[in-house]
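# A look at the structure
Each chain, written out:
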Amino acid sequence: MFGIATLWTRISKIRERFTPIQLLVTTYFGLIVITFFLLCLPLFRYPGVKVSFLDTFFMAVSTISVTGLSTVSLHEVYNNYGIFLLEFLFQIGGFGVTMIATVGMVITGQRISLHHRQLIQVDMNQPRLSGTVRLVYSVFGLMMALQFVSGIIFSAYLYLTDSLYDLKSAIFEGFYIAISAVTNAGFDVTGKSLMPFRHDYIFLLLIILLILIGGIGFPVLTEFREWLFLKIRTHGKGKYRFSLFSKIAFLFAVIFFVVGAILIFLSEAGHSFVNMPWGEKIVTSLFYSATTRNAGLQLDSLTGFRTTTLLLFSILMFIGASPSSVGGGIRTTTIGILMLYMMAFIRGRKNVNIFGRRIGQDDIQKAVVVVNLSLMLCAAAILVLSFTEKASLISLVFEVASAFGTTGLSLGITSSLSLVGKCVIIMLMFVGRVGMLYMLMLFVSKREQDFNYKYPTEKVIIG
């Protein structure tokens, strides 16, 4: 007992030396290690199936980062117990380890310490410490209810409309699709993804809605719920003020979704969409505009698309979802702020203004740094893969964007990656889940601080 108490005391002292960001990144890595050991257990695999340690670790990273890339065929390796384990891990990876831990602490009546609240603030990318616990369990309840309701709807739909599904299979498949869509996991456990449902437009539109909800950002969902409840209580007369983050996140999520769908439609109208009815063209364009932003579900073999469309998919995957959501990438608000900054610069304005508010200079600097370093990281990864892999350049660009954006779509080269290639993709998936900004701040110690003096300014020729 004394040994355990002494060990816990030492761990607590070591933990105090870490910043919340360092502790958060370390926790995610520790969770990946635990997932790795779980996936190594024969209980979760079919008898006689063997998977290498590297492929298992690849799967562990992909699961916790809810990417969806895999070097093995899931339906040939993992049994029903394995699929249930993956669904549970999707929740942890999608919602975040601190959210799951906080909900458990609230349920068991444990006190939420200040240090834990700081971890929540970092993990959910919140500007303020107050209200973080309330945000956690409200978002968790909302997302779990959404998964449960959509799971029932999908299960009933499959059971009543498809003769291939008995009740047990319909429930299993329906809830898996619901969880995969909401958490934006995108793992294909059947080998067919959503291809059997490509002509069920209502089914696909509901999938699109779930993908968008999962990627819109937890604070946006919470504020929308508060706005809805206020309208109900006041019979539509109450006024609610949305935060600037929610307005920007919603605005650019809609812009990227609509513009992406239009560009996909135009690119494939004379190619893979040429023989489709108009309704199918529109729904397919909307679906791929949504799924490339993080879900990783697909209706067709991606090799049938134009190179132009695949590059467009890569851009959408690189952008990803909103901050504080289940998605990865550089995030919509990051690229949105950068676009607003460039527009303001072109117009000769010193301040970036939107919705009656001015965006802070530090947020603009973060956006510029994140975008540039993310581009450099992905470019370096493509350069390395072009040397180590025997695949076309577009396949490598697509794979890198998919890994960094934690999307999970692939042109079929994941299983044939070399040792170096798998390590590169593992690194990209981890960075994409944690976030480029946090990976940079991982190396900033608690003692480092900004100095209060400034050097003289001198002009430098640009352009």
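Remember, it's a predicted structure, so these values are computed and weren't measured experimentally. Position numbers for residues start from 1 in each chain and track the written sequence from start to end. It should be noted that, the model being predicted, local features are given only for residues of pLDDT at least 70 and side-chain atom pairs only at 80 or more, the latter also being counted only at that level, while totals for whole chains, interfaces and linings use all residues. Side-chain measures here rest on the full set of heavy atoms in the structure, leaving out hydrogens and waters.

### Observations concerning the nonpolar core
Among the buried residues, those of types Ala, Val, Leu, Ile, Met, Phe, Trp, Tyr and Cys that are joined through side-chain atoms within 4.5 Å form a nonpolar core. Exposure is judged per residue with a 1.4 Å probe applied to protein chains only, and the accessible area is read against the type maximum: over 50% gives exposed, under 20% gives buried, and values in between give partly exposed. Residues Ile359, Phe404, Ile425, Leu428, Met429 and Phe430 are the most contacted members of the largest nonpolar core, which totals 70 residues. The numbering of helices and of strands both runs from the N terminus, where a helix is a DSSP run of H or I of at least 4 residues and a strand a run of E of at least 2. By residue number, the principal contributor to this core is helix H16 (residues 361–388), which donates nine residues. Contact definition: two residues touch when any of their heavy atoms are within 4.5 Å. If near-sequence neighbours (up to four positions away) are discounted, Ile425 is found in contact with Phe58, Leu69, Leu385, Glu399, Ala403 and Leu417. Listed in part, the 53 residues of the second largest apolar core include Ala170, Leu221, Val283 and Leu299.

### Considering the side chain of Ser246
With respect to the helices and strands, the residue Ser246 is situated in helix H12 (residues 244–268). With a relative accessible area of 3%, Ser246 lands in the buried category. Polar contact is the term for a pair of N or O atoms within 3.5 Å; when the atoms are in protein, one must be able to donate a hydrogen and the other to accept it, and sequence-neighboring residues count only if both atoms are side-chain atoms. Looking at Ser246, its side chain comes within polar contact range of the side chain of Glu223, at 3.1 Å. The residues touching Ser246, leaving out its near neighbours within four places in the chain, are Pro219, Val220 and Glu223.

### Let's talk about the packing of aromatic side chains
A ring pair, where both rings are aromatic, is described by two values, the distance of the centres and the angle of the planes. When the centres of two rings from Phe, Tyr and Trp lie within 6.5 Å, Trp using its six-membered ring, the rings pair. Their planes under 30 degrees apart give stacked, over 60 give edge-to-face, and anything left gives tilted. Inspection of every chain in the model, using the stated rule, returns 18 aromatic pairs. Note on Phe84 and Phe172: the rings are 5.6 Å apart at their centroids and 85 degrees apart in plane angle, and the pair reads as edge-to-face. Of this pair, Phe84 sits in helix H5 (residues 80–95) while Phe172 sits in helix H9 (residues 167–182); the two residues are 88 residues apart in sequence, bridging distant segments of the chain. Between Phe252 and Phe256, the aromatic rings sit 6.0 Å apart at their centres with planes inclined by 35 degrees, giving tilted as the arrangement. Note that Phe252 and Phe256 are positioned in helix H12 at a spacing of four residues, about one turn of the helix. Just as Phe252 is buried, Phe256 falls in that class too. Among the aromatic residues, those joined into a ring-pair cluster are Phe36, Phe37, Phe53 and Phe57. Definition used: whenever NZ (Lys) or CZ (Arg) falls within 6 Å of the ring centre and also within 35 degrees of the ring normal, the charge is taken to sit over that ring. Lys281 extends its terminal NZ or CZ atom over the ring of Trp278, reaching a point 5.0 Å from the ring centre.

### Details of the environment of Met427
Tracing the chain through its elements places Met427 in helix H18 (residues 419–434). The class of Met427 is partly exposed, set by a relative accessible area of 33%. A sequence separation of 24 residues divides Met427 from Ala403, and the C-alpha atoms of the two residues are 8.7 Å apart.

### So, the pattern of salt bridges
For this analysis, a salt bridge means a side-chain nitrogen from Lys or Arg found within 4 Å of a carboxyl oxygen belonging to Asp or Glu. If you walk through the whole model with that rule in mind, you get one salt bridge. Asp55 is the salt-bridge partner of Lys422, the closest N and O atoms lying 2.7 Å from each other. Residue Lys422 is located in helix H18, and its partner Asp55 is located in helix H3 (residues 53–64); the two are separated by 367 residues in the primary sequence. In terms of burial, Lys422 and Asp55 fall into one category: buried.

The quantities given are spatial measurements derived from coordinates; they are silent on function.
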